[in-house]
Amino acid sequence: MGGLTAALAVHKQGMTPHVFEQSTDIKEVGAGLQIGPNGSHVLRALDVLDSVAARAFRPQAAEMRFGPTGQQIFCFPLGAEIEARHGAPYLHIHRADLHQELAATLERRVPGALHLGASVAGFEQERTGTRLILKDGTTVAGDVLIGADGIHSKVREGLFGPAKPRFTGNTAWRATVPAARVRENLIPPNATVWAGPHGHVVTYYLRGGELINIVGVREAREWQDESWTTPGNKQDLLDDFAPWCAEIQELLRAVNADTCFKWALHDREPMENWSSGRVSLLGDACHPTLPFLAQGAAMAIEDAYVLARSLAQCVEAPEQGLQAYQAARMERTAKVQLGSRANSRFFHKSGVLSQGLTYGPVWLAGKFAPGFIASQLDWLYGEDVTRKA
Ligand SMILES: Cc1cc2nc3c(=O)[nH]c(=O)nc-3n(C[C@H](O)[C@H](O)[C@H](O)COP(=O)(O)OP(=O)(O)OC[C@H]3O[C@@H](n4cnc5c(N)ncnc54)[C@H](O)[C@@H]3O)c2cc1C
């Protein structure tokens, strides 16, 4: 997501991008993404919002429910209201659809810019340029190199040395269910967090309502498996959320056993530096973000726009452009990283007392001052990086 968006953004600023992707085709796990108005602003500025929105679902509201009973804790409107509030829509999109849309647009605008099956092994840099080294031994010269290569970033390792990300004590289940396979209105047309003891479930619709996306997060002491993603066992999924309400049980029973995946959730502390000379990082490569604010991809999309603008403003001195880019992005991305981490504590209350003390005041606030909860997220959704100088 970050690399493709950055390619579209630098092209819009008059530069020529090349994207080197290790996968041999554009494919993604069957899972969804929430893109808030802050991400939609960038997609609009890059002239891809309409085609992305045509493949997405527009949720009516964001809500939190108490998972074991299904009782609503708070709810605030998304849909037309959030679009009016922040000037861009809130979308739920299948990751594969977003990837395909970005890749097809790049291929149309810059034919040959996307190099698939190109695995990066390392890089070198000189005063006037960079040299990318691929696993097959090919080298590629460029003016600037951006590592948008995710949490295991090779470019990050090349810049700052090896450093393992931290296992956060959470694993995530991911699955999709065709909406036709469950009762109509079983799941609300919202972004719904079903919070509960030591875990939570997130549900929302994709593809105009055809598919229901499920993320189920569960606390775990350790991640035994060497792989970070493993096909999950459906019975384990059902067991993990056995205390959850009848709606969630019914939904999980409808999951196809071959299409549920288990994911270890890792993150890092916010970094103090992302760039060296003509090489920098973007997205999860420099700020891997837990999914509990649903903003990791949106941060990569925002990064892409700011990066391209910063480079365009310093064409003669790209090193300075990269410094300006990271200076513009660090504070916000660190706030989102740390805010996402804090949300896991908010979502996973186990004792009755701590549930009452945490969710009671939020329920009251939602009941008597409904605008208050939405306003708490204005700093996140209200940002429009395309309007800043
Ligand atoms: C369960 C879950 C739910 C989430 N939900 C949301 C959500 O609702 N909203 C949201 O905004 N975010 C969400 N996120 C976060 C989001 O998925 C990530 O923040 C986002 O994917 C980061 O994008 P990226 O482009 O930086 O990195 P990635 O998506 O990780 O992409 C990195 C790319 O680099 C390629 N690559 C890696 N190494 C190499 C190499 N050596 N050579 C060549 N290519 C390489 C990879 O193949 C990949 O295509 C969620 C994450 C999880 C785990």
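Whatever comes next refers back to the structure up there.
Predicted model, so just to flag it, every value in this text is computed and none were measured.

Analysis parameters
- Residues numbered from 1 in each chain as written.
- Predicted model: local features only at pLDDT ≥ 70, side-chain atom pairs only at ≥ 80, totals over all residues.
- Near = placed C-beta within 6 Å.
- Helix = DSSP H or I, 4+ residues; strand = E, 2+ residues; numbered from the N terminus.
- Core = buried A, V, L, I, M, F, W, Y, C linked by C-beta atoms within 7 Å.
- Buried ≥ 20, exposed ≤ 12 C-beta atoms within 10 Å, placed from the backbone.
- Contact = placed C-beta atoms within 7 Å.
- Expected span 1.5 Å × (residues − 1).
- Bend = angle between axes of the 7 residues up to and from the residue.
- Pairing = 2+ DSSP bridges.
- Axes fitted to C-alpha atoms, helices over the stretch in contact; angles between N-to-C directions.

Asks: Describe in detail the site of the ligand, supporting the description with residues and values.
Replies: Near the ligand you find 30 residues, and of these Gly2, Gly150, Gly283, Gly296 and Ala297 are the closest. Within the residue set of the shell around the ligand, elements represented by two or more residues are α1 (2-12), β1 (19-21), β2 (32-35), β11 (166-178) and α9 (296-312). When residues in the shell around the ligand are grouped by element, the largest group, 4 residues, is from α9.

Asks: Pulling in residues and values, what's your account of the nonpolar core?
Replies: Within the largest apolar cluster, 102 residues are counted, with the highest numbers of intra-cluster contacts made by Ala6, Ala9, Leu282, Ala304 and Leu307. For this core, the element with the highest residue contribution is α9, accounting for 11 residues. With residues near it in sequence (within four places) discarded, alanine 304 still touches Gly2, Thr5, Ala6, Ala9, Val42 and Leu282.

Asks: Got a sec to walk through helix α10 (residues 318-347)? Specific residues and values, please.
Replies: Helix length check: α10 (30 residues) gives 42 Å between terminal C-alpha atoms against 44 Å at 1.5 Å per residue, within 8%. Of all the bends in α10, the greatest, near 40°, is centred on methionine 330. Buried within α10 are the following residues: Pro318, Gly321, Leu322, Tyr325, Gln326, Arg329, Thr333, Val336, Gln337, Ser340 and Phe347. Residues of α10 that are buried in the fold lie against β12 (191-196), β13 (199-206), β16 (261-267), β17 (279-281) and α9.

Asks: Account for the pairing of strand β9 (residues 139-142), with residues named and values stated.
Replies: Looking at chain direction, strand β8 (residues 129-134) and β9 are connected through 4 bridges and run antiparallel. Directly across from isoleucine 133, in β9, lies its bridge partner threonine 139. Where β8 folds back onto β9 in an antiparallel hairpin, the turn is made up of 4 residues, including glycine 137, whose phi is positive at roughly 95°.

Asks: Please set out the environment of proline 165 residue by residue, giving values where relevant.
Replies: Looking at the secondary structure, you find proline 165 in the loop between α6 (154-160) and β11. In this structure proline 165 comes out as partly exposed when scored by C-beta crowding, with 17 C-beta atoms within 10 Å. Sequence spacing of proline 165 and leucine 290 is 125 residues, and the spatial spacing of their C-alpha atoms is 12 Å. Beyond its immediate chain neighbours, meaning those up to four positions away, proline 165 contacts Ile151, His266, Asp267, Arg268 and Pro288.

Asks: Tell me about unusual backbone geometry, and please be specific about residues and values.
Replies: Backbone geometry places aspartate 47, a non-glycine residue, at a positive phi of 60°. Checked against the element boundaries, aspartate 47 lands in the loop between α2 (37-45) and α3 (49-54). Positive phi is not limited to glycine here, since histidine 198 has a value of about 60°. Structurally, histidine 198 is set in the loop between β12 and β13.

Asks: Run through the environment of valine 140, naming residues and quoting values.
Replies: Residue position: valine 140 is located in strand β9. For valine 140, a count of 16 C-beta atoms within 10 Å corresponds to the partly exposed category.

Asks: Summarise the sheet that holds β9; cite the residues concerned and give the values.
Replies: Within a sheet, each strand pairs with its neighbour through backbone hydrogen bonds, oriented either parallel or antiparallel. Judged by pairing direction, the sheet is antiparallel, and its 3 strands sit side by side in the order β7-β8-β9 without closing on themselves. If you trace the sheet from one side to the other, it starts and ends with β7 (120-126) and β9, each paired once. Taking the axes of each pair of neighbouring strands and ignoring which way they run, one obtains an average angle of 20° across the sheet. Where β7 lies against β8, 6 bridges are found, and the strand directions are antiparallel.

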